[in-house]
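# Structural characterization, general
For reference, the chains in residue letters:
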Amino acid sequence: MPEVEFDVHWPDGRSEWVYSPSLVVEDVFAAGHPYPVAEFVELARSAMATASDRVQARWGFPCSRAAATLARIEHRAAGFADGEVTVVAFRRR
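Heads up: these notes are all about the structure in this document. (Residues numbered from 1 in each chain as written. Predicted model: local features only at pLDDT ≥ 70, side-chain atom pairs only at ≥ 80, totals over all residues. Heavy atoms only, no water.)

### Describing helix H2 (residues 37-59)
- With 23 residues, H2 should reach 33 Å at 1.5 Å per residue; the first-to-last C-alpha distance of 32 Å fits that figure.
- Listing the buried residues of H2 in full gives Val37, Phe40, Val41, Ala44, Ala47, Met48, Ala51, Ser52 and Val55.
- Along its buried surface, H2 packs onto strand S1 (4-9), strand S2 (15-20), helix H1 (24-28), strand S3 (33-36), helix H3 (64-77) and strand S4 (84-92).
- One or two residues past the end of H2 sits glycine 60, with phi positive at roughly 90°. (Helix = DSSP H or I, 4+ residues; strand = E, 2+ residues; numbered from the N terminus. Expected span 1.5 Å × (residues − 1). Buried < 20%, exposed > 50% of the residue type's maximum accessible area, 1.4 Å probe, protein only. Contact = heavy atoms within 4.5 Å.)

Put into structure tokens, the structure is as follows:
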């Protein structure tokens, strides 16, 4: 399956590359677009669920890396009461 990483800039100015086992994140997020933290988390939940479902359909088991990505996003987002997260770019692997 094609994999993608997406460059995320958090409200505190930090950035990180986030892994997705599917290109679905390119359909869910727009590069250069800022999202309120809560909206970003909800969209990430949807994207990682879809990505994991695609892995399950292809290989017969859900994607643990999608679950780990979501847990990482949720943990990081919990530190922000408000603010915006910007998806800067995508990098296919």
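Back to the write-up after that little detour.
### Observations concerning the nonpolar core
- Phe6, Trp10, Phe29, Phe40 and Ile73 are the most contacted members of the largest nonpolar core, which totals 26 residues.
- Where this core is concerned, the elements lending two or more residues are S1, H1, H2, H3 and S4.
- Per element, the largest residue contribution to this core is eight residues, and it comes from H2.
- Setting aside residues no more than four positions away along its own chain, isoleucine 73 makes contact with Phe6, Trp10, Val18, Phe40, Val41 and Ala44. (Core = buried A, V, L, I, M, F, W, Y, C linked by side-chain atoms within 4.5 Å.)

### A word on the sheet that holds S3
- Spatial ordering of the open sheet is given by S2-S1-S4-S3, a layout of four strands whose pairing is antiparallel. The open sheet terminates on both sides in strands that have one partner only, identified here as S2 and S3. In this sheet, neighbouring strand axes are inclined to one another by 35° on average, regardless of whether the strands run parallel or antiparallel.
- The pairing of S3 with S4 spans four bridges and is classified as antiparallel. Bridge pairing in S4 places histidine 33 opposite valine 87.
- Where H2 meets the sheet, it contacts S1, S2, S3 and S4, and its direction lies at approximately 100° from that of S3.
- Most of the contacts of H3 go to S2, to which it runs at about 150°, and overall it touches S1 and S2. (Pairing = 2+ DSSP bridges. Axes fitted to C-alpha atoms, helices over the stretch in contact; angles between N-to-C directions.)

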